[in-house]
Amino acid sequence: MSEAKATEQAVRDAFRDQAKSCDGLGSPFTARLCRLIADRLKADTPVGVRVLGWQGDPTSAGDSVALRLCGALHALVRTGRDGRLQASYPPIQLDDETLWPVVDDAIRHEAEFILDWLQSAPQTNEVRRSSALLAGFLTLADLFGKPLVLSEVGASAGLNLHWDRYRYRLGDTAWGDPASRVVIEPRWTGPNPPTTEIAVVGRAGCDLNPLDPASEQDRLRLLSYIWADQQDRLDRTGFAFETAAARPERVVRADAIDWLRPRLAQHFPGAVHVVYHTIAWQYFPKASQDEGEALIAEAGRNATPDAPFARLQMEADGQTPGAALSLQIWPSGDKHLIGRADFHGRWVEWTGWPTI
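The written sequence of each chain sets the order in which its residues are numbered from 1. With the structure being a predicted model, the display of local features is reserved for residues of pLDDT at least 70 and the display and counting of side-chain atom pairs for 80 or more, all residues being used for whole-chain, interface and lining totals. Side-chain numbers come from the whole structure's heavy atoms, not from hydrogens or water.

(A) Inspection of the nonpolar core at higher detail. Of all hydrophobic cores here, the largest spans 47 residues; its most connected members are Phe137, Leu148, Leu159, Trp163, Ile198 and Leu312. Helical segments are the DSSP runs of H or I of at least four residues, strand segments are the runs of E of at least two, and each set is numbered from the N terminus. Looking at which element gives the most residues to this core, the answer is helix 8 (residues 130-144), with 8 residues. The criterion used for residue contact is that any of the two residues' heavy atoms lie within 4.5 Å. When residues no more than four places from it in sequence are discounted, the contact partners of Leu159 are Asn125, Val127, Tyr166, Leu222, Thr237, Ala240, Phe241 and Ala244. Of all hydrophobic cores here, the second largest spans 43 residues; its members include Leu25, Leu36, Tyr225 and Ala228. Among buried residues, those of type Ala, Val, Leu, Ile, Met, Phe, Trp, Tyr and Cys that are joined through side-chain atoms within 4.5 Å constitute a nonpolar core. Burial here depends on accessible area, computed with a 1.4 Å probe over protein chains only, as a share of the maximum for the residue type. Under 20% is buried, over 50% is exposed, and the range in between is partly exposed.

(B) The state of the cysteines, seen in detail. The term disulfide is used for any two cysteine sulfur atoms that are within 2.5 Å. On inspection of all chains with the given rule, the structure shows 0 disulfides. Summary of cysteine pairing: Cys22 is not part of a disulfide, and the nearest cysteine sulfur, belonging to Cys34, is at 4.8 Å. With a relative accessible area of 0%, Cys22 lands in the buried category. Among the cysteines around Cys70, which has no disulfide bond, Cys34 carries the closest sulfur, lying 3.8 Å off. Residue classification places Cys70 among the buried positions, given a relative accessible area of 6%.

(C) Region of interest: the sheet that holds strand 5 (residues 187-189). Spatially, 5-12-11-10-9-8-1-6-7 is the arrangement adopted by the 9 strands of the open sheet, whose pairing is mixed. Edge positions in the sheet fall to strand 5 and strand 7 (252-253), since each of these pairs with one other strand and no more. We call two strands paired when DSSP finds no fewer than two bridges between them. Relative to strand 11 (residues 335-341), strand 10 (residues 323-330) runs antiparallel, the two sharing 6 bridges. Bridge pairing in strand 11 links Ser326 to Leu337. An axis is simply a line fitted to the C-alpha atoms; with a helix, the fit covers only the stretch in contact. Between two such axes, the angle follows the N-to-C directions and lies from 0 to 180 degrees. Strand contacts of helix 8: strand 1 (148-153), strand 5, strand 8 (272-278), strand 9 (309-315), strand 10, strand 11 and strand 12 (347-350), with the helix running at about 20 degrees to strand 10, the strand carrying the most contacts. Against the sheet, helix 11 (residues 256-265) engages strand 1, strand 6 (200-207), strand 7, strand 8 and strand 9, with an angle of about 160 degrees to strand 1.

What follows is the structure, encoded as C-alpha cells:
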C-alpha cells in the first residue's frame, strides 16, 4: 500500500473510531455523520484532499480530525451559512441517501470556511463534569473546614471554574444556587457526598487557547463542538456562558506549567488551595507532565495544616467505564481514587474519601 493510501485509510479508520465513541456517548447523529464521511468522502475537493491526506495523527488521541470536520459542519449550521444543511440537521431526521448529498454539497461550496476551521483543534468545556468535581470539593470542605482557592488548568472558557454557581442533585444531596438555570443531575451511584457549605475565596484558570464566554465568536466555537443531536448539552452550555460572562474572572492565555509555577509559589493561609483539571492533563507533552508533577509535589511539601493543598483530577486512566476521579491532599500526601465519571458527566460512580 502506498503512503498516500495508508494515510487515507488511517483517516477513514479515525472517523469510524470516532463514530463508535459517539454511539457510546449518546450521539447517534454524529456517529452516522462520521461513518458517512468515512465511507463516502472523496479527494476531489479541497476539503477532501486536506482531510484524507491529513498530515499528523488523525485519531482522537492526536489531532481529532473527525471532530474538527464535524465541528466545522455544525458551525455552518449554527451560523445559518448553509440553509440546506441547517434544514437537514437535528431535530430533522433524514436517511443517509438524503443527508449525504447535502453534506457533500456543503463540503464543496463552503471549502474556505471549513478549511479555516480545520486548522484549530477541537475545544470543549463540558459543564456536567462539575458534578464529579463538586463531590471532590465537598470532600475537601468536609475534611478541612476551610474555604477554597481554585486553580484550574486547561480551563477553556472557564465554565467549570464557576461550578459553585450551578444547581445540582448528587444522589439525595441537593446543592447550589436554587435559582441557577444550569441544572446538573447525573445518574449517581454510591453513597451521598458530604453536605456542607463551601466558600470560594479565590479562583483562576489558564488555557493555551482560552475562550471568552462573553464573545459570540468564542461561544460559536465551543457550541459547534457539541454534538448537534444533544440539545440538553447545548442549552446547559448556553446558560453556563451567561453565568461566566457575568463574572469578572477570565481564563488567561498561558502554558499550564508556566502558569502553575508562580501560582503554586503563592501561599493561601486559612484556605485550601486546590489545583484541578478534567480530561486535560493527558494531552500535555510528557515533559510538561513530568515538570507539572514535580511542581505539584513541591507545593505539597510546602503545605501546612493552616494552608493545606489538594489536587483534584478527572482524567482517563486506560480503564473503563469513563474517567478516574482522584483526590490527593497535603500535608499528609494521602491520595485516593474517589470515583469514576462519564466523560460528559452523564453519570458518577462515587466511592468517596475513606473513613478512618
